[in-house]
Amino acid sequence: MSTLNVEVLQNGSVNNGDSIELDEYDLSRADNFSRAFDNLDSLYSPGRRSGCNTPMSHFGYGMMASDPHPMIAEAWDDLRRALVYFRGQPVGTIAALDSSDEKLNYDQVFVRNFVPSALAFLMNGEPEVVKNFLLKTIRLQGWGKKIDRFQLGEGVMPASFKVLLHDPVRNTETLMADFGETAIGRVAPVDSGFWWIILLRAYTKSTGDTSLADKPECQKGIHLILSLCLSEGFDTFPTLLCADGCSMIDRRMGVYGYPIEIQALFFMALRCAMLLLKHDGLGKELIERIVKRQHALSYHMRNYFWLDLNQLNDIYRYKTEEYSHTAVNKFNVMPDSLPDWVMDFMPLHGGYFIGNIGRSHMDFRWFCLGNCIAILSSLATQEQSSAIMDLICYPAIENHEWRIVTGCDPKNTRWSYHNGGSWPVLLWLVTAACIKTRRPQIARRAIELAETRLSKDGWPEYYDGKQGRYIGKQARKHQTWSVAGYLVAKMLLEDPSHLGMIAIKEDKLFKPVLRRSSSWTA
Ligand code: GLC
């Protein structure tokens, strides 16, 4: 029997000992699910529109197999109210409709936050806002980006932007982008460019409109984003080095190095770019570099980031200070650094991609987004994907560790915000991963649970506490991605063929060379 509560939505941190073993498969809609897989590969599968959950249809009710949940209409209203217009055209959605004084920067359109909104609009057959967003943001990429006197890389994409009334007399509007120069901690978003590429592929796949991706500015955008990440340097890892706070976890949280979120998004963006790039001079050269990097990256991730009982046992018995090519403990990880919780918690079946790996450093925290994206991009092999779904766990860092790791951040206290808080936006990612691994039942339960709370609690940004029972200490209400995440999850379950927009099948070229582990026979 499987049990599921809001922990399934929890974001990164140390486990409290609970894991969820899931052995239920709902094959009642097997035909729909098979269709979803058939649809993953090709770049285009236009014309599909979610018949039932659309705002139109829930006024008409005619097509519904069962009555739509009342939250759907409310969510669509919120999502539409969150739309931001620039010179008369919708270009994105603001982060939160919260009307409290403490808006901070939640009145901006964040690139990452817009993704679930964009997917909801695409699934509902409304691609215009997504197209406008993609074109506007790629134009912003061309801005000179300076922090104090330091110039950022050409390919850096903005974290967010907002519309300013430039000249109230002439009534002209301008866009104002933030590349990190006004963000707390002055952090630049490594994830933004990856999300942009992933969204461009989702748009192309859902509409069949290849002309957008083929535009010179979009091709150039992909080139610039990837050139930043594919450049060779001193690093001996194919993973992407990322400073703490430069990802979706946008403040100090001990994720300096090679965070799983960034590696999974990087891999997904590489795969999407392969489908979008034109095979012309520059494109061809980039494609060759992508193929090589994808190969090295998947090898590294599948071998070194993967953790299950066998792997943990090997690490526990590692020798240290090994030199030469024959070294088993290649990164000189000290077995003494293994946290007690991971030893106690690791179940017989199941596994996951850990949070980070560096020299003498393994961060065993379980991050939901990175693991879901690893499943959706097929960075995880089929066996690994199903092992991840066998083990959905969560963690938080406390006391002294919290002081050291976060720099005493009062927003990230244990079981809050980025430190083990529960984020409703993750609902769409969990649902998509469930569909890809053919475990829709898990998603169904998560959605049912969300339906008992989300609307009543005002669509908060995150929940606090081990069980996610409390509305987050500083959570904004009417957070747009909580709203959109719910809608996307509902539409995905209702029509699993939408999965093709955000998932890619395993590339036969990169068949894994892996040892068998206990979880593979699960
Ligand atoms: C928080 C999140 C970040 C998000 C922003 C706006 O800072 O960590 O990922 O983009 O809020 O919602």
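The rules behind the values
Residues numbered from 1 in each chain as written. Predicted model: local features only at pLDDT ≥ 70, side-chain atom pairs only at ≥ 80, totals over all residues. Heavy atoms only, no water. Axes fitted to C-alpha atoms, helices over the stretch in contact; angles between N-to-C directions. Helix = DSSP H or I, 4+ residues; strand = E, 2+ residues; numbered from the N terminus. Left-handed = near helix turned anticlockwise from the far one by under 90°. Contact = heavy atoms within 4.5 Å. Nonpolar A, V, L, I, M, F, W, Y, C, P; charged D, E, K, R; others polar. Expected span 1.5 Å × (residues − 1). Buried < 20%, exposed > 50% of the residue type's maximum accessible area, 1.4 Å probe, protein only. Near = heavy atom within 4 Å. Polar contact = N/O pair within 3.5 Å; in protein donor to acceptor, adjacent residues only side chain to side chain. Areas by Shrake-Rupley, 256 points an atom, 1.4 Å probe, with all protein chains shown as cover. 1 Å grid on protein atoms, 1.4 Å probe; cavity = no way out; pocket = protein on both sides within 12 Å on 5 of 7 lines; lining within 4 Å. Sits in = over half its atoms within 2 Å of the grid points. Points joined across faces, edges and corners; volume = space filled by probe spheres on them.

Caption draft 1: Representation of the packing of helix α3 (residues 70-81) against helix α4 (residues 111-123). Where α3 meets α4, the axes come as close as 12 Å, and the angle between the chain directions of the two elements is 115°. Judged by the twist between their axes, the crossing of α3 over α4 is left-handed. Listed contacts from α4 to Trp76, Leu79 and Arg80 of α3 are Ser117, Ala120 and Phe121. For the contact of α3 with α4, the per-class residue count stands at four nonpolar, one polar and one charged.

Caption draft 2: Quick look at helix α8 (residues 216-230). Here α8 contains 15 residues, and its C-alpha end-to-end distance of 20 Å stays within 8% of the 21 Å for a straight helix at 1.5 Å per residue. Looking only at α8, the buried set comprises Cys218, Gln219, Gly221, Ile222, His223, Leu224, Ile225, Leu226, Cys229 and Leu230. Considering only its buried residues, α8 is in contact with α5 (128-141), α6 (190-207), α7 (211-214), α9 (260-276) and α10 (281-305).

Caption draft 3: Spotlight on the site of the ligand. All residues adjacent to the ligand are Tyr106, Phe110, Arg112, Asn113, Met248, Asp250, Tyr417, His418, Glu461, Gln479 and Trp481. At 2.9 Å, a side-chain N or O of arginine 112 approaches an oxygen atom of the ligand. Within the backbone of methionine 248, an N or O atom sits 2.7 Å from an oxygen atom of the ligand. When the ligand is considered free in solution it has 310 Å² of accessible area, and contact with the protein chains removes 95% of it. Here the ligand occupies the second largest pocket.

Caption draft 4: Broad picture of the layout of surface pockets. Here the largest pocket defines a volume of roughly 720 Å³. In this structure, the largest pocket is lined by 24 residues; those nearest its centre are Leu228, Cys229, Ser231, Leu240 and Leu241. For the second largest pocket, the calculated volume is near 610 Å³. The set of elements that each furnish at least two residues to the lining of the second largest pocket consists of α4 and α13 (368-376).

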